[in-house]
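# Descriptive structure summary
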Amino acid sequence: MAQKFEFVSYTGNVSFFGCKQTTDLNGVDVAVVGVPFDCGVSNRPGARFGPRAIREASLFVGKFHYPWNYEVTKKYNIIDYGDIGYSLGNDPTTFMIEETYENAKKILASGAKLLSIGGDHTIPYGLVRAASEKYGQLALLHFDSHEDTQPGIFGGEIYHGSFAYDLQKEGCIDPSKSVQVYIRTNMTECGYNIIYANEAMELDPKALAERIKKNVGEAPVYLTFDIDCLDPAYAPGTGTPVIGGPSTQEVRNVLFHLKGLNIVAADLVEVAPVYDPAEITRLAAATIAKDLLYLMVD
């Protein structure tokens, strides 16, 4: 009789890395939530389809744990909490921020950590507020090609380019302990430590990681990863691609060497699968999302 494989990517329910789908937080180490929201985009829409695409790709990534030395989904209790923050109402942005805040607050209060998959880069508003309420002022570790420091609540409009300005203005984030890395655009200066792409890519990944860790120190960290941090050659399926970024492998090497940071919550955003028929963007996103799990529990 032919052998039946324990795990096949094209069978069963679509959940994040095949993890149990539940909102029961008893004994949970990390809860993964999807936020299928893209009403805050400034260019190409479609990131609302990101969470489902990342979940599908996560099944293909499967049970391989390279370069980590164990399988995180077997060692820790990680659940797929489902999707939150989506609405067809008159004010979907307010609804998204409020519902993600309430759910993040519940998850973090249980003792679990939180990994959110988006969705556009508006989604950190409620998530960061909830994390800051529990852990105090946070260090933001921000992988992106954009600073996202345009005033939103404070003199503009809330969208995917305003969260990093607004949340430090509110006091949730300490910009002096925060790092924005692989940046290759120009926005409002508001105190963040910026490592532009040309400088970051001249550094060895381990050296770059050590520089980040030295700046962050022991502060509780909210890590936000915009997939357009990667060069469009490695992630074309996104709303606002910017050339001149790192490869998937380079970024994974940096993440691997960030072990030891006190990451209390994280997100991965801006996957817009319609612009990438080859599906390499969702594959990169699912793999990096798994790296984030290791960093949160390692």
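Conventions used here
Residues numbered from 1 in each chain as written. Predicted model: local features only at pLDDT ≥ 70, side-chain atom pairs only at ≥ 80, totals over all residues. Heavy atoms only, no water. Helix = DSSP H or I, 4+ residues; strand = E, 2+ residues; numbered from the N terminus. Buried < 20%, exposed > 50% of the residue type's maximum accessible area, 1.4 Å probe, protein only. Contact = heavy atoms within 4.5 Å. Areas by Shrake-Rupley, 256 points an atom, 1.4 Å probe, with all protein chains shown as cover. Lys, Arg positive; Asp, Glu negative; His and termini not counted. Charge placed at Lys NZ, Arg CZ, Asp CG, Glu CD. Salt bridge = Lys/Arg side-chain N within 4 Å of Asp/Glu carboxyl O. Patch = residues over 30% accessible without salt bridge, like charges linked within 9 Å, V, L, I, M, F, W, Y side chains within 5 Å.

In this section: the overall build of the chain. Along the chain, the regular secondary structure elements total 9 helices and 9 strands. C-alpha atoms of the chain, sized along the principal axes, occupy 65 × 45 × 40 Å. The proportion of buried residues among the 298 residues of the chain is 58%. The long-range fraction of contacts in the chain, counting pairs at least 24 apart against all pairs at least 6 apart in sequence, stands at 76%. In the structure as shown, the chain presents an accessible area of about 12,500 Å², 50% of it carried by carbon and sulfur atoms. With 25 positive and 37 negative side-chain charges, the chain shows a spacing of 7 Å between the two charge centroids.

Side chains that differ in sign of charge can pair as their charged atoms come close. Applying the stated rule across the entire model yields 11 salt bridges. In this structure, the salt-bridge partner of K213 is E210, at a minimum N-O distance of 3.9 Å. Taken as a pair, K213 and E210 lie in helix α7 (residues 205–216) at a separation of 3 residues, close to a single helical turn. Classification of E210 as partly exposed rests on a relative accessible area of 40%. A single network of salt bridges, built from pairs that share partners, joins R55, D80 and D83.

A surface patch of nonpolar side chains, amounting to about 220 Å² of accessible area, comprises I153, F154 and I158. Mapped onto the fold, I153 is located in the loop between β5 (139–143) and α5 (163–170). Residue classification places I153 among the partly exposed residues on the basis of a relative accessible area of 40%.

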